[in-house]
Amino acid sequence: MTPKLKIAYSPCPNDTFVFDAWAHGRVPGAPRLDVTFADIDLTNGWAESADPAYDVLKVSYAVLPWVLDEYALLPCGGALGRGCGPLVLTREPGVDLAGKTVAVPSERSTAYLLFRLWAADVVPDGVGNVVVMPFHEIMPAVRDGKVDAGLVIHEARFTYQNYGLHALADMGTHWEDTTGLPIPLGAIIARRSLGQDVLRSLADAARASVRMAWDDPAVSRPYVLEHAQEMDPKVADQHIGLYVNEFTADLGEAGYAAVRGLLTRAAAEGLVPPLGPDALSFP
């Protein structure tokens, strides 16, 4: 029997929704999977170190410039969208961030790149200090005055009001207004050494898995809620609605334009290495 491919993705509802059918052997002919759950900071690190323990990883698009020699970007299975960008939160509305301290969940994240591109346009004097902080600590830190602002993602879009915070700016809105492109968030990558045939079978399986989830969402629900235990089921549904869309089934021309646009702009700001001309091509 062919050995299972080792895959790591997050326990977030969008990932468990997308991979449910495949992970549970319901996609005919798909490679079998050995699943590890890990936050994206960990998977980004595993990709950068080319950790031999994993064949397939869910990573931030922001990490691609460092890993595409070893891994190929799958044209499906990831997260792009509209109206789903990171937010900058503050205790009071209308804060000027010049010289202020901003907490971010990672410097190797799409959220961070979008924030830096936004700040380059609207905070001409520059923020004073960026501190990396675990995601779950950011909103309490802003509320308690430990930092002046916080960059948040995912379900925080639906819960920040519970902390008495204000959305100073929406990084996704800024990106969409200035580029017209969807927001690139999370990517699925696989080792190039697996070979073209396996890589294509992975892409086929990811597409089939998400379409099966769309066809009968109730089937994936136990898997989604099992791994989103601290999330209100309604928030989990909103999460899936935002991050699982036509770009998950196929990046398409607009999806690839968004990814290349983000990384090209980020490279121009010195935030990431430049991409080679064929870096995003899929076998």
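Cut-offs used in this document
- Residues numbered from 1 in each chain as written.
- Predicted model: local features only at pLDDT ≥ 70, side-chain atom pairs only at ≥ 80, totals over all residues.
- Heavy atoms only, no water.
- Helix = DSSP H or I, 4+ residues; strand = E, 2+ residues; numbered from the N terminus.
- Contact = heavy atoms within 4.5 Å.
- Axes fitted to C-alpha atoms, helices over the stretch in contact; angles between N-to-C directions.
- Parallel < 35°, antiparallel > 145°, perpendicular 65-115°, else oblique.
- Phe/Tyr/Trp six-rings, centres within 6.5 Å; stacked < 30°, edge-to-face > 60°.
- Buried < 20%, exposed > 50% of the residue type's maximum accessible area, 1.4 Å probe, protein only.
- Lys NZ or Arg CZ within 6 Å of the ring centre and 35° of its normal.

Chemist: Can you walk me through the environment of glutamate 155 in this structure?
Modeler: The topology assignment puts glutamate 155 in the loop between strand S9 (149–152) and helix H6 (156–159). In this structure, the C-alpha to C-alpha distance between glutamate 155 and histidine 239, residues 84 residues apart in sequence, is 6.4 Å. Among all residues touching glutamate 155, those that are not within four sequence positions of it are Phe135, Met231, Val235 and His239.

Chemist: How should the packing of helix H1 (residues 13–23) against helix H10 (residues 233–243) be read in this particular structure?
Modeler: Contact geometry of H1 with H10 gives a least axis separation of 8 Å together with a crossing angle of 70°. One way to sum up the angle between H1 and H10 is to call them roughly perpendicular. Contact residues: Pro13, Asn14 and Phe17 in H1; Ala236, His239, Ile240 and Tyr243 in H10.

Chemist: Looking at this structure, how should I read the packing of aromatic side chains?
Modeler: Describing an aromatic ring pair means giving the distance of the ring centres and the angle of the ring planes. Within the structure shown, the criterion is met by six aromatic pairs. Relative to phenylalanine 19, the ring of tyrosine 9 has its centre 4.4 Å away and its plane inclined at 10°; by these criteria the two rings are stacked. Here tyrosine 9, found in strand S1 (residues 5–9), pairs with phenylalanine 19, found in helix H1; they are ten residues apart in sequence, far enough to count as distant. On the basis of relative accessible area, tyrosine 9 is assigned to the buried category, the value being 1%. Judged by centre distance (6.1 Å) and plane angle (55°), the ring pair of phenylalanine 37 and tyrosine 223 falls under tilted. With phenylalanine 37 in strand S2 (residues 33–37) and tyrosine 223 in helix H9 (residues 217–226), the pair connects residues that are 186 residues apart, well separated along the chain. By way of ring pairs, the aromatic residues Tyr9, Phe19, Trp22, Phe37 and Tyr223 are connected into one cluster. In this structure, arginine 108 is placed above the aromatic ring of tryptophan 66, and the distance from its NZ or CZ to the ring centre is 3.7 Å.

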